[in-house]
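Per-entry structural report
Single-letter residue listing:
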Amino acid sequence: MILFIEQLFNGLQLGVTLFLLASGLTLVFGIMGLINLSHGSLYMVGAYVTATVTNHTGNFFLGICAALVCAAILGVIIEMTIMRRLYHRDHLYQVLATFGLILFFNESVRIIWGSQPLFIDIPQSLNFTVNLFGQGGYPAYRIAIIVLGIVILLALFVLIFYSKIGMLTRAGSSNREMAQALGININRLYTGIFAFGAVLSALAGGLAGPIYAVEIGMGESVLILAFVVIVIGGIGSIKGSFIAALLIGIVDTLGRAYLPAFFKTFMSASDGAVVGGSLASIAIYLLMAVILVVKPQGLSSKL
Amino acid sequence: MIARLVIVIASVFISVTAWAEPLKIGFLTTLSTKAGYLGEDIRDGFMLAVEQNNGQLGGVDVEVIVKDDERKPEKGIEVADKFVKKDSVTLMTGIVFSNVAMAVVPKMVNQGVIYISPNAGPSKLAGELCHKNYFNVAWQNDNLHEATGQHVNAAGYKSAYILAPNYPAGKDALAGFKRFYQGEIAGEVYTKLGQSDYSAELAALRAAEPESVFFFLPGGMGINFVKQYSQAGLNESIPLFGPAFSFDERILGAVGDAAVGVMNGSQWSHDLDNETNNQFVEAFKAKYERTPTLYASQGYDAANLIASALAATGGDVTNQDAFIAALEKAEFDSVRGNFKFGSNHHPIQDIYIREVIKDGDKVTNKLAGKVFENHQDAYAGDCSL
């Protein structure tokens, strides 16, 4: 039972990590109607900048700040030079252009940092384990990520529903032309939203650095999960993507933890491990299929 | 008399053209993508040997054409075809990954190309698909897992929890480990390929209370796993074992202190004490300003193996039977010391266990003992050579 609760907690933690990445994606996708495959590249850049600055200054929080600033600048540049030309185009053009950006960022990172993965450690102040479940440590850093994820969720809510910028954003999202006619500078607003999405992505990347390998293409595998999250959650919905992220984190974790054991009860140990492992890796896609059959628009409507 | 004179003139002429036209070696490897550092190290090791001999191997001028396969089998085939058709290459080497090798090697050797593998050693190419034109100078894929299994067994750990990604090489790795490990398997887990979070697996692992853990998670997956294993505090209670692939000098740079204390199986180590190796490590460090990995050592050995055969045949690769016979003898000074080929053209060699230690600021490997003497792969019997 204790193990089950610990696994639930692991699922929660994975879900929050996914939410950090998916929130920026769903903002850009939902409000601007733009499919941005290069969101994962900003995640990678966030991790690389955090690692580099942290290793030079010895201060992880400085590293994160530097990554956020870099991502904001990059976001503005990308939006003004590339994305702006794609709003009126078909989604296919957006996919093509942003896929090109993935290749561009991967090669650029290889040229700047080399192909060897970077090292970054958990900041000293969080490098201990908490005895949560009576049977060994749970890394404090992961608990910090959960807390931070929830803080960011609340902050996004306040920003979107209770601030002027949020109001403008919602207006621009529901009717672009009308908002423009009322004197809102949509171009500037969109640049801002895109940069903000980039910042959220870089934050997720910077926080992931100490736990995961900081390497080229690290954003692509999580990007797929993030897309699953926003599709299940309902495109453009922050609340929906939070629920979907937790759901996916928990289903994925419990699947990995219990499906192999389940198959081993009536198969040989090796076969059970293979079949259970395979099924666990498609569990979230099965979940997505079921949810989309029941609710084709995703769990939550817009914003 | 005149006939003899013609032959002499002709042979002089031929040898002159041979001298003017360097021998082309097709070097197909993975340089882009995140796995690019593997190909980089194999290439750098290989080119170091060429450079030490002033652009020659075995007294023959060589031109090494290095091309990237982007880790894709179809790209590998495309580049290899170009090597043969455009550059008339008859000697190839360099492939890092088994899936690329399985696509490229059978096709090339059937066209008469001689291929020397400096890394990938899939079981099929060591067994039923072995070929007289194919040599592997590194290892058969299972070897380092076998050595780690043997070490964990000999060290007296009564149970082992084993993990690998859910794909063919992962299953081969666990099979290789179990081939020599006699204790109880406390758990056998196949994870998603490319997985980054292992908290679910680590919680289950801790609950199973094994005496030891063996994992094969190449590349970034291994970095994730070792970091998270240490962050969960598990490295203090359950010792971790793995093949050298997750503990090469460049990965250790990214994992840091989390890897200290891990024992890993390898056919080579930078502190393996023999004259060739000491000289190689020094020269590599001087030229590239980093400690060589096992991949670099394999590239260096591949070049010196080719050099030995070129020297024995006077640079004549057109007489393939003689060239292959010369390769089979493996008359070169390997950085591994003991080295010879088995009947299936795969190494019979010693395999060691290394410990990850902290040396000043640097996390590095230290030789901890020899596990196998003259170890041969399990597939040699399936090969008809």
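Refer to the structure above for everything that follows.
Residues numbered from 1 in each chain as written. Chains lettered and ligands numbered in written order. Predicted model: local features only at pLDDT ≥ 70, side-chain atom pairs only at ≥ 80, totals over all residues. Heavy atoms only, no water.

1. As for the overall build of chain B
On a plain count of helices and strands, chain B comes out with 13 helices and 14 strands. Its C-alpha atoms give chain B a radius of gyration of 22 Å, near enough to 21 Å, the size a compact globule of 385 residues would have. Each principal axis of the C-alpha atoms in chain B carries an extent, and together these give about 85 × 45 × 35 Å. Relative to its full complement of 385 residues, chain B shows a buried share of 59%. Long-range pairs, those at least 24 residues apart, make up 70% of the contacts in chain B between residues at least 6 apart in sequence. Across chain B, the centroid of the 33 positively charged side chains sits 4 Å from that of the 46 negatively charged ones. (Helix = DSSP H or I, 4+ residues; strand = E, 2+ residues; numbered from the N terminus. Rg over C-alpha atoms; globule rule 2.2 N^0.38 Å. Buried < 20%, exposed > 50% of the residue type's maximum accessible area, 1.4 Å probe, protein only. Contact = heavy atoms within 4.5 Å. Lys, Arg positive; Asp, Glu negative; His and termini not counted. Charge placed at Lys NZ, Arg CZ, Asp CG, Glu CD.)

2. A closer look at the interface of chain B and chain A
Taken residue by residue, the interface counts 38 residues in chain B and 41 residues in chain A. Summing the contributions of chain B and of chain A, the shared interface buries around 3,200 Å²; its carbon and sulfur component is 48%. The largest contributions to the chain B side of the interface with chain A come from B:K34, B:K192 and B:Q231, which together make up 20% of the buried area. For the pair chain B and chain A, the number of links is 4 salt bridges. As a salt-bridge pair, B:D197 and A:R142 come within 3.1 Å of each other at their nearest N and O atoms. The interface formed by chain B and chain A contains 21 residue pairs in polar contact (both at pLDDT 80 or more). The set of elements that each furnish at least two residues to the side of chain B that touches chain A consists of α2 (36–52), α7 (168–180), β8 (184–191), α8 (199–208), α9 (220–231) and α10 (249–255) of chain B. (Buried area = accessible area lost by both parts, 1.4 Å probe. Salt bridge = Lys/Arg side-chain N within 4 Å of Asp/Glu carboxyl O. Polar contact = N/O pair within 3.5 Å; in protein donor to acceptor, adjacent residues only side chain to side chain.)

3. Focus on the sheet that holds strand β5 (residues 114–117) of chain B
Residue and element names in this part refer to chain B. On the basis of which strands lie adjacent, the open sheet formed by 6 strands has the order β2-β3-β1-β4-β5-β6 and mixed pairing. In the strand order of this sheet, the two ends are held by β2 (56–57) and β6 (134–136), each with one partner. When β5 meets β6, the two strands line up parallel, connected through 3 bridges. Residue pairing across strands places I116 opposite F135, the latter belonging to β6. Running at roughly 15° to β5, helix α13 (residues 320–329) makes contact with β4 (91–93), β5 and β6 of the sheet. (Pairing = 2+ DSSP bridges. Axes fitted to C-alpha atoms, helices over the stretch in contact; angles between N-to-C directions.)

4. What about a nonpolar patch on the surface?
All names here are of chain A. A cluster of nonpolar side chains, M1, F4, I5, L8 and Y258, forms an exposed patch at the surface whose accessible area comes to about 460 Å². If you tally residues by element for the nonpolar patch, the top one is helix α1 (residues 2–32), at 3 residues. In this structure M1 comes out as exposed when scored by relative accessible area, which is 72%. (Patch = residues over 30% accessible without salt bridge, like charges linked within 9 Å, V, L, I, M, F, W, Y side chains within 5 Å. Areas by Shrake-Rupley, 256 points an atom, 1.4 Å probe, with all protein chains shown as cover.)

5. Things to note about the pairing of strand β10 (residues 240–243) of chain B
All names here are of chain B. Where burial is concerned, the two faces of β10 agree: the one with L240 and G242 and the one with F241 and P243 are both buried. Where strand β9 (residues 212–215) lies against β10, 2 bridges are found, and the strand directions are parallel. For V213, the partnering residue across the bridge sits in β10 and is L240. The parallel pair β9 and β10 is bridged by α9, and the resulting crossover is right-handed. One ladder, built from 3 bridges, connects β10 with strand β11 (residues 263–266); its direction is parallel. Residue pairing in the sheet places G242 in a bridge with N264 of β11. A crossover connection joins β10 to the parallel β11 through α10; in handedness this β-α-β unit is right-handed. (Right-handed = clockwise from strand over helix to strand, strands pointing away.)

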